[in-house]
Amino acid sequence: MGAGEGEAAGSKEKSGGGVVARTSLDGLRDKNVMQLKKLNTALFPVRYNDKYYQDAIASKDFSKLAYYSDICVGAIACRLEKKEGGAVCVYIMTLGVLAPYRGLGLGTKLLNHVFDLCVKQNISEIYLHVQTNNDDAIAFYKKFGFEITETIYQYYKNITPPDCYVLTKFIGQSATKK
Amino acid sequence: MGSSLPPKEANLFKIIVKSYETKQYKKGLKAADSILKKFPDHGETLSMKGLTLNCMDRKSEAYELVRRGLKNDLKSHVCWHVYGLLYRSDREYREAIKCYRNALRIDPDNIEILRDLSLLQAQMRDLSGFVETRQQLLTLKPNHRMNWIGFAVAHHLSSNSSKAIEVLEAYEGTLEDDYPPENERYEHGEMLLYKISLLEECGMLDRALEEMHKMESKIVDKLSFREQMACILLKLSRFDEAEKIYRSLLFMNPDNYKYLIAVQKCLGLYSENGQYSADDVERLSALYKSLKEEYSWSSAVKRIPLDFLEGAKFQEAADSYVRPLLTKGVPSLFSDLSPLYEHPGKANILEQLFLKLEDSIRTSGCFPGSLQMEPPSTLMWTLLLVSQHYDRRSQYDTALDKIDEAILHTPTVIDLYSIKGNILQHAGNFSAAAALANEARSMDLADRYLNSECVMQMLQADQVGLAEKTAVLFTKDGDQHNNLHDMQCMWYELASGESYFRQGDLGRALKNFLAVEKHYTDMTEDQFDFHSYCLRKMTLRAYVSMLKFQDRLHAHEYFQKAAAGAIRCYMKLHDSPSKSSTEENDEMSKLPAAQRKKLRQKQKKAEARAKREAEEKQEDEITSSNSSKSGKKQQSRPVDLDPRGEKLVQVEDPLAEATKYLKLLQNSSSDSLETHIFSFELNMRKQKVLLAFQAVKQLIRLDGNNPDSHRCLIRFFHKINSLPAPGTDSEKLIWNVLEAERPDLRQLHGKSLVEVNSNFLEKHNASLTHRAAAAEMMYLLEPDKKLQAIKLIEDSTNSTASGNGVLGPIKEWGIQDCINVHKLLDTVFAEQDVANRWKIRCAEYFPCSTYFEGARSATSYIADSSFESSTENGNVLNPEAKIKEGDAGSLNGTVHIVDDLSNLSMR
C-alpha cells in the first residue's frame, strides 16, 4: 500500500483491467503464526518476541492475515488492553503489507476490519505508536481518522529521532469508516 | 451334529454352535463344559470347544482340543470342518483345504463346507478345483443366484470365458421376463455388463453389441454402458458411431484423457509413440482448436496439443498455455509441463520462452505484447517456474538464485521453500534440503503433505529420529501412539530402511523392509473376504479386475524396493557376518586414541539415550492405556520384542533368506535388471554356477550394453576360467552345459575376456559409467594394469550435452554416478590419492554436494537461522537491543508501520 495513494478507492484498482484477484482475510492461529513471522521479517527491522505473537493470537479476531489470490501478503497484529476503569482498547502492534502487493487496498481492508470489529464489540479507542518522522505512515493513519494525541520523547533506543507520536482514533457509533 | 448324544446334551451342543456363530463365546464354552462333564471324550464337543477358545485368543489350547476331538471321532465331518476352520483362521490355507476335503469325503453334499472350500480355492487360485466345487454347489442348489454366478466366474478365472458366457445365459434362461424386481436392478445390470465384457474378451464383438442393444433398459450403470459400447464400436472399426458416443462422453467430462484419445483414434489420429506426420499434426491442431472452443474450461484440451506440436507452433501454444496459469498462480505448473522435457528440443524452447516472460514481467509488469498489467504475484510464479526449469536441467546454482529471488519477493509462499528443498536435494545437500522442508512445514502446521515431505527429506538426510518425531505429529490417534505401521505407511518404512542401511544398522533396516513385505502379504490376505462378498453383491467386473491386480501385486514398485532392500541387507550380513565386536574394534583402532575415546563416549551416550527413550515410550503407553477407561477392552497391542531388529540380524543363513525374496522378484519383476543382478550376486555367493549363468543370460537379454550387465558377464566367466578342472560328475555336467551355451553369447564369440572388455569400452567410450565398468573389469582381469585402468577413469571428460538438444548446454554427468565412481576408486582400487583427486574434481561440478564437500555445501540455506532458533527456543530477545521500526529509509518505503511494544517500561 502506500499512504496517500488513494487507498479508499477500493481493493482492485491496481490489478489491471480484467484481472480481478481475490483478496480475503484469515484468522491468526498457532498453526499459521509462522506466516506472520515471515511477513515481519520481511517488513520490519525488529525481531518480535514470543509475547508479541501470543498477544496477537490472544486478540482473536483482531489480528488478521491478508491474502491476495491465496498468498499471504499482509497482516494486522493487535493487542487488547484494559484501561483504568475496565474499558477495553485496541493497540495496533503492527500493520504491514509486502512491498510488491501495496496499493491493492489490503492495508485498508485490514484496518477497516478492525474498525468494524470495534464497533461490534463497543470498543471506542484504537491507538498505536509511530516514529515522529514517518510522515507517510502518519498521513496514512490520519486519513482513517487517527489523531496525534501524545508525543513520547525518547521512546526509541536505537534510532533517530527517538521520539514517537501516539496516534489515536476514537470510534463513535456512527463513524465506522472514513 | 452331536448325533451321538442324548437329547439334553444334543440341545446343549446346538447352543455351542449357535453361540459360536453369534460370537457369545463364554456361553458356548459353558455349554461345552457341561457336555464334557458327562462325555469327556465326545469328539465334536471337544472340537467345538477348541474352535471357541481359538476365538478367545487361546490358540495352543484350541489346537490341542481340536486335534483331540478329531482323534476321538475321525468319522465326523464336523471335526474335520472345525479343524479346517482353525487352519483357515491362521491363514494356513493349504492345510485347511485338506481338512475340508476330508470332511467332504464323509459328507459330500455339505453345502457349508463346499462353500468354505470354494472360497479357499479362489484364494489359492486352485482354479480347476474351484470350478469343480462351484459346479457341485450349483448342482446341489440350482435355485440360488450366487451359485450360477460363482460357477460362471470360476470358468472365467480358469480362462474359459466362453463357458462362463454359456453358464450366464443358462442362468438368464431361468429368469422370468419381468426380472429383475426393482431392488435387484443394479445387481442384474452388473451381471449383464459382466457378460458383455466376457463377450468382448472372447472377441464376439457383434454379439456383445447386439446384447447391449437388447438389454439397454436393464442396465443401470449408464456411464459404463456408454463407455463399453463406444469401446466395442471402436474395436469394430465403426468409427463414426464410436466417435459420436465419445463426443457425448466428452460433453460430460471434457478433461478425461481416455475419451480424448479415443476420439483421436476414431479419427485415425493416434500413434502410440507420439510421432505424427505434418499432415496429422495439422488435423490434430484443428481438432483441439474446435474442442477448445467448445470446452473452454477444460485443461486437458489445452494441454494435449503441447505433446504433438513442434517448433514455432509448440512455442506459441506453450506461451498461451503458460500465461494464464502464471497469472492465476498454479504451483503445480512445472510438474504439469515436465513430461515435455523428454521431447528433444522442447526444453530449449521452453527455456527461451520462460526467460522472455520473466524479463517482460520484470521490466514492464506485463507479458510480452500485452498491455494488461499482471498482478504482482505473476513475477514470483514465473521465477518459481524458471527455477524449476533449471533444476530439471541440473543447473542447480541458477535454480537456487531464481528461487531465492522468488522468496525475497514473496516470503510467505510455502511452495517456494519446498521446491528449494528439492533443488538442494538434487544438488546433493540433503541436510539443507531437510532444513528447508522443515521450514516449509513450520509455515503451515496443519498440512499433512508438508509434514510428510519434511519427513521424507529428513530420512534422506539420515535424521531418522527427528523424522519419526515429525511423522508422529500426524499419526497420533487417541491412545494409539504410532500407527504408521498399521496404516501401511510404506514410503516411510522404505525410506527409514534405506537410511538405516546407509548408516549400517542392518537390524533396523531389515525390520523396515520386512514390514513392507508383510503389508503385501496382508494385501494378498485382504482379498479373502471379497470372494463371497463380490459374488453376493454382483460387482463382478470389479471383482475379477481385483483378482487380476492381486496376481500382479508383487510387481509393485514398493514391494520391489522392499525386497531389494532386504536382499542387500542379507548379502551384507553374509559378507561381513554379524558386525562382531572385533571388527568394530578393528575399525576403531585405526583412529587416533583421542578420537576413539570420543567415539566410544558418543556410542555410549547414544545407547543410553535410546534406552531412556524406549523406557519413556513404554511408560507413556502404560499411562495412556491406564487413563483410558476402556483400556482393558482394547486389544492390547503386542509388545515389539525386537525393536532394533537384533534377532533379524542373527539369521542362520542370510543367503537362504535373501533367496526367498529373490524368488518373489523373479516371479513378478523378471523384466527388471536389478532382479537379475541380485540373482547373479546371490548365486555367485552360493556357488550356484548354472543359476548365476542364467542371471547373466537374462541381463544380456534385457540390456547387454548396461555397465552392470557387462560387469556380471565378465565376472562370471573370469570366475569360471579360474576354477580348477571339473572333478565330480556333476561338475562335469555343469561344465558341459556352460561349454554348450557359451557360443550362444554374442559378446563372447571367440574372443578372450580382455578383448570383450576392450570392445565394450570402445563401443561406449564417451560414457562415464561404462568407462568405470570397463576399468573395473580391466583391473579384475589384469591386476597389473591397475594404473591404466585408473587413467581410463580419470581421462573421462564431462562434456556438455548440448549435442542431443534434450537438456541443452549442461554437463552430462549425474551426481550419483560420480559418487559411485568415487566409491569404486576408494574401495575397489583402494587408491586414496586418486579418490581424493576425483573428489576435488567433482566438487567443482557439484558445488552444493556435501558428499564431495563442494564450495557451497557448507552454506546455511535457511534464510535466517538465528531467527529460527530464537523463536523455537522461546528466547525473548533483549528489548534494549532492539531497534524500533519506523525508519522509512531502511524500510524501502514501507508505509506506515506502527511500532510496538518492548517499551512497556515507558508506559
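Residues numbered from 1 in each chain as written. Chains lettered and ligands numbered in written order. Predicted model: local features only at pLDDT ≥ 70, side-chain atom pairs only at ≥ 80, totals over all residues. Heavy atoms only, no water.

### With respect to the pairing of strand S4 (residues 88-97) of chain A
Residues and elements named next belong to chain A.
- Across the 10 residues of S4, 9 count as buried, placing the element largely inside the fold.
- Relative to S4, strand S3 (residues 71-82) runs antiparallel, the two sharing 9 bridges. Paired with Glu81 across the two strands is Cys89, which belongs to S4.
- In textbook terms, the turn of a hairpin is the stretch between consecutive antiparallel strands, and for S3 and S4 this stretch comprises 5 residues, one of which, Gly85, has a positive phi near 95°.
- One ladder, built from 2 bridges, connects S4 with strand S5 (residues 125-131); its direction is parallel. Its bridge partner being in S5, Tyr91 is matched across the sheet by Tyr127.
- Read from S4 through helix H3 (residues 106-120) to S5, the crossover connection turns out right-handed. (Buried < 20%, exposed > 50% of the residue type's maximum accessible area, 1.4 Å probe, protein only. Helix = DSSP H or I, 4+ residues; strand = E, 2+ residues; numbered from the N terminus. Pairing = 2+ DSSP bridges. Right-handed = clockwise from strand over helix to strand, strands pointing away.)

### Structural notes on the pattern of salt bridges
All names here are of chain B.
- This structure, assessed with the given rule, holds 58 salt bridges over all chains.
- In this structure, the salt-bridge partner of Glu211 is Lys195, at a minimum N-O distance of 2.6 Å. One end of the pair, Glu211, is in helix H12 (residues 205-215); the other, Lys195, is in helix H11 (residues 185-201), and 16 residues separate them in sequence. Residue Glu211 shares its accessibility class with Lys195, and that shared class is buried.
- Where salt bridges share partners, they join Glu169, Glu172, Lys195, Arg207 and Glu211 into one cluster. (Salt bridge = Lys/Arg side-chain N within 4 Å of Asp/Glu carboxyl O.)

### Looking at a positive patch on the surface
Residue and element names in this part refer to chain B.
- There is a patch of like positive charges on the surface, built from Lys289, Lys292, Lys302 and Lys328.
- Turning to its location among the elements, Lys292 is positioned in helix H16 (residues 278-294).
- Since its relative accessible area comes to 36%, Lys292 is described here as partly exposed. (Patch = residues over 30% accessible without salt bridge, like charges linked within 9 Å, V, L, I, M, F, W, Y side chains within 5 Å. Areas by Shrake-Rupley, 256 points an atom, 1.4 Å probe, with all protein chains shown as cover. Lys, Arg positive; Asp, Glu negative; His and termini not counted. Charge placed at Lys NZ, Arg CZ, Asp CG, Glu CD.)

### Some words on the confidence of the model for chain A
Residues and elements named next belong to chain A.
- Chain-level pLDDT for chain A is 84 on average; 85% of the residues reach the 70-or-more range.
- Here helix H4 (residues 135-143) stands out as the least confident element of chain A, with mean pLDDT 92; strand S2 (residues 64-68) is the most confident, with 96.
- Below a pLDDT of 50 lies the segment residues 1-19, which in the model reaches 48 contacts outside its immediate sequence neighbourhood of four places, other chains included.
- This stretch, residues 174-178, has a pLDDT under 50; its non-local contacts, to residues over four places away or in other chains, come to 7 contacts. (pLDDT = per-residue confidence, 0-100. Contact = heavy atoms within 4.5 Å.)

### Overview of the packing of aromatic side chains
- Considering all chains together, one arrives at 35 aromatic pairs over all chains under this definition.
- Measuring from ring centre to ring centre gives 4.8 Å for A:Tyr155 and A:Tyr156, while their planes differ by 85°; the resulting arrangement is edge-to-face. Accessibility classification places A:Tyr155 together with A:Tyr156 in one group, the buried group.
- Seen from their ring centres, B:Phe693 and B:Phe717 are 6.1 Å apart, and the 80° between their planes marks the pair as edge-to-face. Of this pair, B:Phe693 sits in helix H38 (residues 689-703) while B:Phe717 sits in helix H39 (residues 707-722); the two residues are 24 residues apart in sequence, bridging distant segments of the chain. Each member of the pair, B:Phe693 together with B:Phe717, is buried.
- The aromatic ring of A:Tyr53 is capped on one face by A:Lys37, whose charged end is 5.2 Å from the ring centroid. (Phe/Tyr/Trp six-rings, centres within 6.5 Å; stacked < 30°, edge-to-face > 60°. Lys NZ or Arg CZ within 6 Å of the ring centre and 35° of its normal.)

### Side note on the side chain of B:Ser679
Residues and elements named next belong to chain B.
- With respect to the helices and strands, the residue Ser679 is situated in helix H37 (residues 673-685).
- You can call Ser679 buried: its relative accessible area is 3%.
- Within the local environment of Ser679, its side chain forms a polar contact with the side chain of Gln666, the two groups lying 3.5 Å apart.
- Ignoring any residue separated from it by four or fewer positions in sequence, one finds Ser679 in contact with Leu662, Gln666, Leu691 and Ala695. (Polar contact = N/O pair within 3.5 Å; in protein donor to acceptor, adjacent residues only side chain to side chain.)

### Some thoughts on helix H45 (residues 832-845) of chain B
Residues and elements named next belong to chain B.
- For H45, built from 14 residues, the straight-helix expectation of 20 Å at 1.5 Å per residue is met to within 8% by its first-to-last C-alpha distance of 20 Å.
- Every buried residue belonging to H45 is among Val834, Ala835, Trp838, Cys842 and Ala843, and all of these are buried.
- Where H45 is buried, its residues touch helix H42 (768-781), helix H43 (786-794) and helix H44 (815-828). (Expected span 1.5 Å × (residues − 1).)

### Observations concerning the confidence of the model for chain B
Residue and element names in this part refer to chain B.
- Per-residue confidence for chain B gives a mean pLDDT of 86, with 86% of residues at or over 70.
- The secondary structure element of chain B with the lowest average pLDDT is helix H46 (residues 865-872), at 35, and the one with the highest is helix H20 (residues 333-337), at 97.
- In the model, residues 803-808 has pLDDT below 50 throughout and makes 16 contacts with residues more than four positions away in sequence or in other chains.
- Under a pLDDT of 50 for its full length, residues 863-907 has, in the predicted model, 126 contacts with residues more than four places off or in other chains.

### Looking at the packing of helix H30 (residues 528-537) of chain B against helix H31 (residues 540-551) of chain B
All names here are of chain B.
- Where H30 meets H31, the axes come as close as 9 Å, and the angle between the chain directions of the two elements is 160°. When the axes of H30 and H31 are compared, the pair comes out roughly antiparallel. Considering how the two elements wind past one another, H30 and H31 form a crossing that is left-handed. For the pair H30 and H31, contact is made by Phe530, His531, Cys534 and Leu535 and by Leu540, Tyr543, Met546 and Leu547, respectively.
- Classifying every residue of the contact of H30 with H31 gives 7 nonpolar, 1 polar and no charged. (Axes fitted to C-alpha atoms, helices over the stretch in contact; angles between N-to-C directions. Parallel < 35°, antiparallel > 145°, perpendicular 65-115°, else oblique. Left-handed = near helix turned anticlockwise from the far one by under 90°. Nonpolar A, V, L, I, M, F, W, Y, C, P; charged D, E, K, R; others polar.)

### Concerning a nonpolar patch on the surface
Residues and elements named next belong to chain B.
- Together, Leu223, Phe251 and Met252 line one region of the surface with nonpolar side chains, adding up to about 330 Å² of accessible area.
- Within the element layout of this structure, Met252 appears in helix H14 (residues 239-252).
- Residue classification places Met252 among the partly exposed residues on the basis of a relative accessible area of 47%.

### A look at empty space enclosed by the protein
All names here are of chain B.
- This model, assessed by the stated rule, comprises 3 cavities of 30 Å³ or more.
- Taken as a whole, the largest cavity encloses approximately 70 Å³ of empty space.
- Surrounding the largest cavity, Leu325, Leu326, Gly329, Val330, Pro331, Leu333, Phe334, Trp381, Leu384, Leu385 and Gln388 form its lining.
- Of all the secondary structure elements, the ones that give two or more residues to the lining of the largest cavity are helix H19 (311-328), H20 and helix H22 (377-392).
- No other element matches the 4 residues that H22 contributes to the lining of the largest cavity.
- Residue classes in the lining of the largest cavity are distributed as 9 nonpolar, 2 polar and no charged. (1 Å grid on protein atoms, 1.4 Å probe; cavity = no way out; pocket = protein on both sides within 12 Å on 5 of 7 lines; lining within 4 Å. Points joined across faces, edges and corners; volume = space filled by probe spheres on them.)

### A short note on the sheet that holds S3(A)
Residue and element names in this part refer to chain A.
- Spatially, 7 strands are ordered S1-S2-S3-S4-S5-S7-S6 in an open sheet, and the strand pairing comes out mixed. The two strands at the open ends of the sheet, each matched to only one other strand, are strand S1 (23-27) and strand S6 (147-152). Sheet twist, expressed as the mean angle between neighbouring strand axes with direction ignored, is 30°.

### Side note on the packing of helix H23 (residues 396-409) of chain B against helix H24 (residues 414-427) of chain B
Residue and element names in this part refer to chain B.
- Close contact between H23 and H24 brings their axes to 10 Å; oriented N to C, the two are set at 165°. Put simply, H23 runs roughly antiparallel to H24. Like other packed secondary-structure pairs, H23 and H24 cross with a definite hand, here left-handed. Residues Tyr396, Ala399, Leu400, Ile403, Asp404, Ala406 and Ile407 of H23 lie in contact with H24, whose contacting residues are Leu416, Tyr417, Ile419, Lys420, Ile423, Leu424, His426 and Ala427.
- Residues that form the contact of H23 with H24 fall into these classes: 12 nonpolar, 1 polar and 2 charged.

### Some points on helix H10 (residues 161-173) of chain B
All names here are of chain B.
- If you check H10, its first and last C-alpha atoms are 18 Å apart, about what 13 residues at 1.5 Å a residue would give, namely 18 Å.
- For H10, the complete set of buried residues consists of Ser161, Ala164, Ile165, Val167, Leu168, Tyr171 and Glu172. Looking down the long axis of H10, one finds its buried residues gathered within 160° of arc, a one-sided arrangement.
- Where the residues of H10 are buried, they touch helix H9 (145-157), H11 and H12. (Arc of directions from axis to C-beta.)

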